[in-house]
Amino acid sequence: MSTLDAFRLDGHVAIVTGGGRGLGAVAAQALADAGAHVIVAGRTAAPLDEVVELITGSGGSAEAVVLDVTDVPVVQAAFASLAQAHGRLDILVNNAGVASEAPLVEAEVADWDRVVDANLRGSFVCAQAFARVPSDVERSIINIASVAAHAGVKNQAAYVASKGGVVSLTRGLAVELVPARIRVNVISPGYFATDMPAELLANPRAAEGLLRKIPQGRVGRPEEIGPAVLFLASSASSYITGAVLNIDGGFTAQ
C-alpha cells in the first residue's frame, strides 16, 4: 500500500456530531472526500441537509441524522440503528459542543450543566454507543477539544473544564479500548474563523489583541482542520492513540 493509499477511507462509515456547521462540516467533507460514507449528525435538520447536499454534490456519500448528544436513549438507539443499516461504524468525530461566557461569580449552574453535558458527557455517551457496535476491524474515535483545555480563558470556566475533561477522557479511552481495536485521539483547535469566535473577531481591538498571542499571527481557516481529521481517522495514524494534536498557530507552544 502506498503512502497516499493509507489516507483512503473507501467502504468506511463515519459519524460526525455537530456536523452541520463550522469545523464539523469541514471534517465531514474531508472524510467524504477520502471515500467514507459520512453520517452528518446534529440537532437541527436544515444545516445538516445543506452539508449533505454539498458532499453529494461533489461526488461524496452522506446522510443527515438529527441527534442530540445529551439524549442518551436517542444516541444509543441511533448508533445501533445506523450500525445495522450500514453493517459497520468505523469512525466517530465527537465535535458537537456549546460554550458559555460569564464571570465565575455571575455564572449560572444551569449553564455549567448545559456546557458540560454537551461537550464532555456527550462525547462520553457517543463514544460508548460507538464502542458497543461489534467490529473486527480497527476503528477510530476523534474527539474535538480546544486550546481552552490547555490554557486558561477568562470568563469561560465551564467551557475550559469541559474541554479539559475531553482531553482526559481521550487518554483514558485510548488505553481502555486498545483490546477492542479502537484508537482514540483528540484535536485541540485554536481560534478559527467560525461562528463561535465571530463576535470576538468582529471587535477590531479584541481581534488585534488575540492575533498578537498567536505566533503565526492569524486565526485558522476552517479547511485546515480537515487534513488532521483525515489523518487520525485513517490507517495513516495506525500507531497513534491517546495523542493530543494542537492546531492553533503556535498558541499553546508559548
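In this report, the structure presented in the accompanying data block is examined. (Residues numbered from 1 in each chain as written. Predicted model: local features only at pLDDT ≥ 70, side-chain atom pairs only at ≥ 80, totals over all residues. Heavy atoms only, no water.)

### Regarding the overall build of the chain
What counts is decided by this rule: Only DSSP runs of H or I reaching four residues or more are called helices, and only runs of E reaching two or more are called strands; each is numbered from the N terminus. Note on method: radius of gyration uses C-alpha positions; expected globular size equals 2.2 Å times residues raised to 0.38. Exposure categories follow from relative accessible area, calculated using a 1.4 Å probe and restricted to protein chains: below 20% of the type maximum is buried, above 50% is exposed, and the middle band is partly exposed. Residues count as neighbours in contact if any of their non-hydrogen atoms are within 4.5 Å of one another. To measure how exposed things are, a 1.4 Å probe is used in the Shrake-Rupley method; for residues, cover is taken only from the protein chains shown. A residue counts as positive if it is Lys or Arg and as negative if it is Asp or Glu; His and the chain ends are not included. We put the charge of a Lys on NZ, of an Arg on CZ, of an Asp on CG and of a Glu on CD.
Looking only at helices and strands, the chain has 8 helices and 7 strands in total. At 18 Å, the chain has a C-alpha radius of gyration in line with the 18 Å of a compact globule built from 254 residues. Projected onto its principal axes, the C-alpha positions of the chain cover 50 × 40 × 35 Å. The proportion of buried residues among the 254 residues of the chain is 45%. The contacts in the chain between residues at least 6 apart in sequence include a share of 72% that link residues at least 24 apart. Accessible surface for the chain amounts to roughly 12,100 Å². Of this, 55% is attributable to carbon and sulfur atoms. Between the averaged position of the 18 positive side-chain charges in the chain and that of its 25 negative side-chain charges there is a distance of 6 Å.

### Quick look at the packing of helix α3 (residues 72–86) against helix α4 (residues 109–131)
Let me state the cut-off plainly: Lines fitted to the C-alpha atoms define the axes, with helices restricted to the stretch that makes contact. Angles between their N-to-C directions range from 0 to 180 degrees. The sense of a crossing depends on the near helix, which, turned anticlockwise from the far helix by less than a right angle, makes the crossing left-handed and, turned clockwise, makes it right-handed. Three residue categories are used. Nonpolar comprises Ala, Val, Leu, Ile, Met, Phe, Trp, Tyr, Cys and Pro, charged comprises Asp, Glu, Lys and Arg, and polar comprises the others, including Gly.
Remark: α3 packs on α4, axes separated minimally by 9 Å, with the N-to-C direction vectors making an angle of 30°. Like other packed secondary-structure pairs, α3 and α4 cross with a definite hand, here right-handed. Facing α3, whose interface residues are Val72, Val75, Gln76 and Phe79, α4 presents Arg121, Val125, Cys126, Gln128, Ala129 and Phe130. Class assignment of the residues belonging to the contact of α3 with α4 gives a composition of 7 nonpolar, 2 polar and 1 charged.

### So, the layout of surface pockets
The condition that has to hold: Put plainly, a pocket is an open set of points on a 1 Å grid over the protein atoms alone with protein on both sides within 12 Å along at least five of seven lines, a cavity is a set where a 1.4 Å probe fits but cannot get out, and a lining residue has an atom within 4 Å of a point. Grid points are joined across faces, edges and corners, and a volume is the space filled by probe spheres set on the points.
Looking at the second largest pocket, its volume works out to about 170 Å³. Only α4 and α5 (157–176) provide two or more residues apiece to the lining of the second largest pocket. Sorting elements by how many residues they give to the lining of the second largest pocket places α4 first, with 3 residues. For the lining of the second largest pocket, the class distribution of residues is 8 nonpolar, 3 polar and 3 charged.

### Details of the sheet that holds strand β5 (residues 139–144)
Our working rule: Note: two strands are recorded as paired if DSSP finds a minimum of 2 bridges between them.
Judged by pairing direction, the sheet is parallel, and its 7 strands sit side by side in the order β3-β2-β1-β4-β5-β6-β7 without closing on themselves. Both outer strands of the open sheet, β3 (61–66) and β7 (244–247), are each paired with one neighbouring strand and no more. Here the strands of the sheet are splayed against their neighbours by 20° on average, with no regard to which way each runs. Where strand β2 (residues 37–42) and β3 come together, 6 bridges link them in parallel fashion. Note that in β3 the partner of Ile39 across the bridge is Glu63. Here helix α1 (residues 22–33) sits on the sheet in contact with β1 (13–17), β2, β3, β4 (91–94) and β6 (182–189), set at roughly 170° to β1. In the packing of α4 onto the sheet, the strands contacted are β1, β4, β5 and β6, and the crossing angle to β4 comes to about 175°.

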